[in-house]
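Fold and geometry: a report
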Amino acid sequence: VQQKQAAAQAYRASRNLMTIQGTGLAEQQIAVIQTSLLQTRAEYAQKRSEYEQLNSISNKGQTVSSFNSSSDSMRELRSQEAVIGQRVADLENRYGAAHPALQQAKQEKASIDARIAEEMQRTAAKARVEADSLAARLNTQESALGALRGELVAGNFDQVRLDALETDAEAAQSVYESFLQRY
């Protein structure tokens, strides 16, 4: 009986068939990775979409008002753009197109527009780097999930063998106990 129980325990240890609260370790790891994988996929989709939208806006030469950014520098540039736009309109109404103050205001607006374009490009580049990073994490998690699934399949075959050894040990224990009750 002790030999059969020891054989079952040795097989469990040699095949690394560990369980926590009745669930196999590989199964628990798969559940954790699948949860993380779902979250990473959602983050990747969001960041990729953000990058594509920013890149499209930037390539079309549209203004920052076309994209609702959470960047402080972008908000500051928007504010400056609104102020200078108002000033240009006011100067055009007051002095006409040839006035030097209006020309200076238009140059300031052009400078702000150039800074806005640069900020859009920086923001798009940042979103791309973040999307690429999430894609790499996604690939790593998918690889780990595949490896764990392989371990689970192999572990299932090993579990069948372990179950047979444990059944053998239980049968021997039962025979031993019935022998003790008779004599």
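Here's what I pulled together on the structure shown here. (Residues numbered from 1 in each chain as written. Predicted model: local features only at pLDDT ≥ 70, side-chain atom pairs only at ≥ 80, totals over all residues. Heavy atoms only, no water.)

1. So, the nonpolar core
One broad rule of soluble globular proteins: the nonpolar side chains tend to lie buried together. Our working rule: Put simply, a nonpolar core is a bunch of buried Ala, Val, Leu, Ile, Met, Phe, Trp, Tyr and Cys residues held in one set by side-chain atoms that sit within 4.5 Å of each other. Only protein chains enter the accessibility calculation, which uses a 1.4 Å probe; a residue is then buried when its area is under 20% of its type maximum, exposed when over 50%, and partly exposed in between. The helix and strand labels rest on DSSP assignments: H or I over at least four residues marks a helix, E over at least two residues marks a strand, and numbering proceeds from the N terminus.
Counting 15 residues, the largest nonpolar core has Leu54, Ile84, Val88, Ala105, Ile116 and Met120 as the members making the most contacts within it. Listed by contribution, the elements that provide at least two residues to this core are α2 (25-60), α3 (72-95) and α4 (100-182). Ranked by the residues each element gives to this core, the list is headed by α4, at seven residues. The next biggest cluster of nonpolar side chains, apart from the first, holds six residues, and it includes Ile30, Leu37, Leu138 and Leu145.

2. As for a nonpolar patch on the surface
To be explicit about the condition: Each patch is assembled from residues with relative accessible area greater than 30% and no salt bridge, linking like charges that lie within 9 Å and nonpolar side chains (Val, Leu, Ile, Met, Phe, Trp, Tyr) that lie within 5 Å. Computed by Shrake-Rupley with a 1.4 Å probe, the accessible areas treat only the displayed protein chains as cover when residues are assessed. Definition used for salt bridges: Asp or Glu carboxyl oxygen within 4 Å of a side-chain nitrogen of Lys or Arg.
Together, Val1, Tyr176, Phe179, Leu180 and Tyr183 line one region of the surface with nonpolar side chains, adding up to about 570 Å² of accessible area. Secondary-structure assignment places tyrosine 183 in the segment after α4. On the basis of relative accessibility, which here comes to 73%, the residue tyrosine 183 falls in the exposed class.

3. Regarding the pattern of salt bridges
Per the stated rule, a full pass over the model turns up 14 salt bridges. A salt bridge links glutamate 142 to arginine 41; the nearest nitrogen and oxygen atoms lie 3.2 Å apart. Residue glutamate 142 is located in helix α4, and its partner arginine 41 is located in helix α2; the two are separated by 101 residues in the primary sequence. One connected set of salt bridges, linked through shared partners, spans Lys47, Glu50, Lys126 and Glu130.

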